[in-house]
Amino acid sequence: MSTLEARRQIRRLIELGARRGLAAAERALDAAGVAGIPAGPLPPAPRLERELGPGRLAVEARYASTLLYDRLDPANIAEIERRVDDWPDLRDQLDANPDPAERRCMLLAFGIWLAVPGLLEGTGLLSAQPPYEVHAMARGPLSAAGGLYEADMIASALASAGVDLSDVAGGLDFGCSSGRVVRVLAAAYPQTDWHGCDPNAEAIAWATHALPAIDFFRSGEHPPLPLADASLDLVFAISIWSHFEPALGLRWFDEMHRLIAPGGHLVFTTHGLASVEHYAARDLRTADQSAEIAAALYSRGSWYAPEFGADGDWGVVNPSWGTAFLSPEWVLTNLLPNWRVLEFAPGRNQCNQDVYVLRRV
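In this report, we go over the structure that sits alongside the text. This is a predicted model, so every value here is computed, not measured.

This next bit is on the overall build of the chain. Check the secondary structure of the chain and you find 13 helices and 11 strands. Relative to its 361 residues, the chain shows a buried fraction of 53%. A separation threshold of at least 6 residues defines the contact pool for the chain, and within that pool the share at least 24 residues apart is 70%. For the chain, the accessible area works out to roughly 15900 Å², and carbon and sulfur atoms hold 55% of it.

Enumeration according to the criterion identifies 11 salt bridges in this entry. One salt bridge in this structure joins Glu150 and Arg180, with 3.3 Å as the shortest N-O distance. Residue Glu150 is located in helix α7 (residues 148-160), and its partner Arg180 is located in the loop between β3 (170-174) and α8 (182-188); the two are separated by 30 residues in the primary sequence. Comparing Glu150 with Arg180 shows no difference in burial state: the two are buried. Measuring nitrogen to oxygen at the nearest pair gives 2.6 Å for the salt bridge that ties Asp229 to Arg258. Of this pair, Asp229 sits in the loop between β5 (215-218) and β6 (232-237) while Arg258 sits in helix α10 (residues 246-259), and the two are 29 residues apart along the sequence. When its relative accessible area of 54% is taken as the criterion, Asp229 is described as exposed. The class of Arg258 is partly exposed, set by a relative accessible area of 24%. In the salt-bridge network here, residues are joined through shared partners; they are Glu81, Asp85, Arg91 and Asp95.

Take the packing of α10 against helix α13 (residues 328-335) next. Contact geometry of α10 with α13 gives a least axis separation of 12 Å together with a crossing angle of 50°. The angle between α10 and α13 falls in the class oblique. For the pair α10 and α13, the crossing hand works out as right-handed. Residue-level inspection shows Pro246, Leu250 and Phe253 of α10 in contact with α13, the latter providing Trp330, Asn334 and Leu335. Split into classes, the residues belonging to the contact of α10 with α13 amount to 5 nonpolar, 1 polar and no charged.

Right, let's talk about unusual backbone geometry for a bit. Cis geometry marks the peptide bond from Pro223 to Pro224, where omega comes out at 10°. With respect to the helices and strands, the residue Pro224 is situated in the loop between β5 and β6. Cis peptide bonds are those with omega within 30 degrees of zero, and the linkage from Leu336 to Pro337 qualifies with 0°. You can see Pro337 is positioned in the loop between α13 and β10 (339-349). Look at Asp283: it is not a glycine, yet its phi comes out positive at around 55°. Its location among the elements puts Asp283 in the loop between α11 (273-281) and α12 (287-299).

Tracing the backbone shows Arg62 in the loop between β2 (56-59) and α2 (63-69). On the basis of relative accessibility, which here comes to 7%, the residue Arg62 falls in the buried class. The spatial distance from the C-alpha of Arg62 to the C-alpha of Asp152 is 5.0 Å, given a sequence separation of 90 residues. In terms of polar contacts, Arg62 uses its side chain to reach the side chain of Asp152, at 2.8 Å.

So, on to the pairing of strand β4 (residues 193-198). The element β4 is extensively covered by neighbouring structure, given that 5 of its 6 residues are classed as buried. A crossover connection joins β3 to the parallel β4 through α8; in handedness this β-α-β unit is right-handed. In the sheet, β4 pairs with β5 via 4 bridges, with the strands oriented parallel. Pairing of Cys197 across the sheet is with Phe217, part of β5.

So, about the packing of aromatic side chains. Scanning the entire structure with this criterion turns up 14 aromatic pairs. With centroids separated by 6.3 Å and ring planes inclined at 40°, the aromatic side chains of Phe174 and Phe244 adopt a geometry described as tilted. With Phe174 in strand β3 and Phe244 in the loop between β6 and α10, this pair connects stretches of sequence that are 70 residues apart. Consider the rings of Tyr279 and Phe325, whose centres lie 6.4 Å apart with planes at 70°: the pair is edge-to-face. A residue pair is termed long-range when its members are at least 10 positions apart, and Tyr279 in helix α11 and Phe325 in strand β9 (residues 323-326) qualify at 46 residues. For Phe325, a relative accessible area of 0% gives the class buried. Grouping aromatic residues by their ring pairs yields a cluster made of Phe174, Trp241, Phe244, Trp252, Phe253, Phe268, Trp321, Phe344 and Tyr356. Geometry around Tyr69 places Arg104 over its ring, the cationic atom sitting 5.9 Å from the centre. Over the face of the ring belonging to Tyr279 we find Arg285, whose NZ or CZ atom lies 5.6 Å from the ring centre.

The rules behind each value
- Throughout, a residue's number is its position along its own chain's written sequence, starting from 1.
- Per-residue local features of the predicted model are confined to residues with pLDDT of at least 70, and side-chain atom pairs are confined, for both listing and counting, to 80 or more; whole-chain, interface and lining totals are unaffected and use all residues.
- Calculated side-chain values reflect all of the structure's heavy atoms, with hydrogen atoms and water omitted.
- Numbered from the N terminus, helices here are DSSP runs of H or I no shorter than four residues, and strands are runs of E no shorter than two.
- The classification of residues rests on relative accessible area computed with a 1.4 Å probe and restricted to protein chains. Under 20% of the type maximum is buried, over 50% is exposed, and intermediate values are partly exposed.
- We call two residues in contact whenever any of their non-hydrogen atoms come within 4.5 Å of each other.
- In these tables, accessible area is a Shrake-Rupley quantity obtained with a 1.4 Å probe, and a residue counts as shielded only by the protein chains included in the view.
- For salt bridges, the criterion is a side-chain nitrogen of Lys or Arg within 4 Å of an Asp or Glu carboxyl oxygen.
- The angle between two axes is taken between their N-to-C directions and runs from 0 to 180 degrees, where each axis is a line fitted to C-alpha atoms and a helix contributes only its stretch in contact.
- Should an angle lie under 35 degrees it is considered roughly parallel, over 145 roughly antiparallel, and from 65 to 115 roughly perpendicular; all remaining angles are considered oblique.
- In this scheme the crossing of two helices becomes right-handed for a clockwise turn of the near helix relative to the far one and left-handed for an anticlockwise turn of less than a right angle.
- Just so you know the grouping, Ala, Val, Leu, Ile, Met, Phe, Trp, Tyr, Cys and Pro go in nonpolar, Asp, Glu, Lys and Arg go in charged, and all remaining residues, Gly too, go in polar.
- Each polar contact in these results corresponds to two N or O atoms within 3.5 Å; when the atoms are within protein, one needs to be able to donate a hydrogen and the other to accept it, and residues that are neighboring in sequence are counted only if both atoms are side-chain atoms.
- Crossovers are marked right-handed if the path from the first strand over the helix to the second runs clockwise, as seen with the strands pointing away from the viewer.
- When DSSP finds two or more bridges between a pair of strands, those strands are recorded as paired.
- Ring pairs are drawn from Phe, Tyr and Trp, using the six-membered ring of Trp, whenever the two centres fall within 6.5 Å, and their geometry is named by plane angle: stacked under 30 degrees, edge-to-face over 60, tilted for the rest.
- For a ring to carry a charge above it, either NZ of a lysine or CZ of an arginine must fall within 6 Å of the ring centroid while also lying within 35 degrees of the normal to the ring plane.

Encoded structure:
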């Protein structure tokens, strides 16, 4: 198959899935004995992100970072700006960004990177950065405050489903690595009892020492977790179900159902059809493989490959931990009626992964 033919097939499959997605979702709902979706076309999912240029994204509803930035006084902000002037690379990045919300995030991150006095005390953020031998999803000045983008995405996804993070008593970052996202949420929402878990022992050891306000523990590669039934109001997992082999992913969904109290919420992201297009457009996967993944999503709802190989993923060697793609029909068919889907936003995470908000029934 030529590259052009493969790209056309990907586009046809994506469009076909979009047209037939409502009918498939209604069938799944009916099979689960749950009231179906209203007749007629679904309204477009809210897209809180937009591309601003190569590698630059903005979350329009920045709940967590706004809380943090608003704790700064004008003197703090002026000092950050002054210190950025001494670093041409940072100044160029800041001046090249026209989005006020994203600029505020950059000022928070640069202020921590440049050790501006009063910023840590004012915001509750911490300056500790994991060393290079410890797993971290991002490094450098733009990441010095932690995962501001992801924290905002979680808070805004919950808000769009009618949930205020200020009301959450206990939350878990499932697959937290060295804690870059949960550290931001712990600073923005200190009233919540925050936990983080990951199978990477070195990352958990570092986070436990560096971020003492959060309860970190090492998780196994299979359920269960050492937490009591119904002990959490919220679990979030960024790009975790995008790696579970689907059968193992279902076991972990069952474990989340055990841990989350009735009425609590699960926010997770995974690869879907938007990811197929994301990778194909950037030549990050071959056209033939992209067509294979799209066809699998349409025909059976999932695609999986153990792509980390014998070396594993930062020491995690597990044939059921690789790369997974899931369709919304797969999610509905397998998770209802134990969960209610409150929000489905295709491509909401980095214009790539789909974001789901589920309520535990």
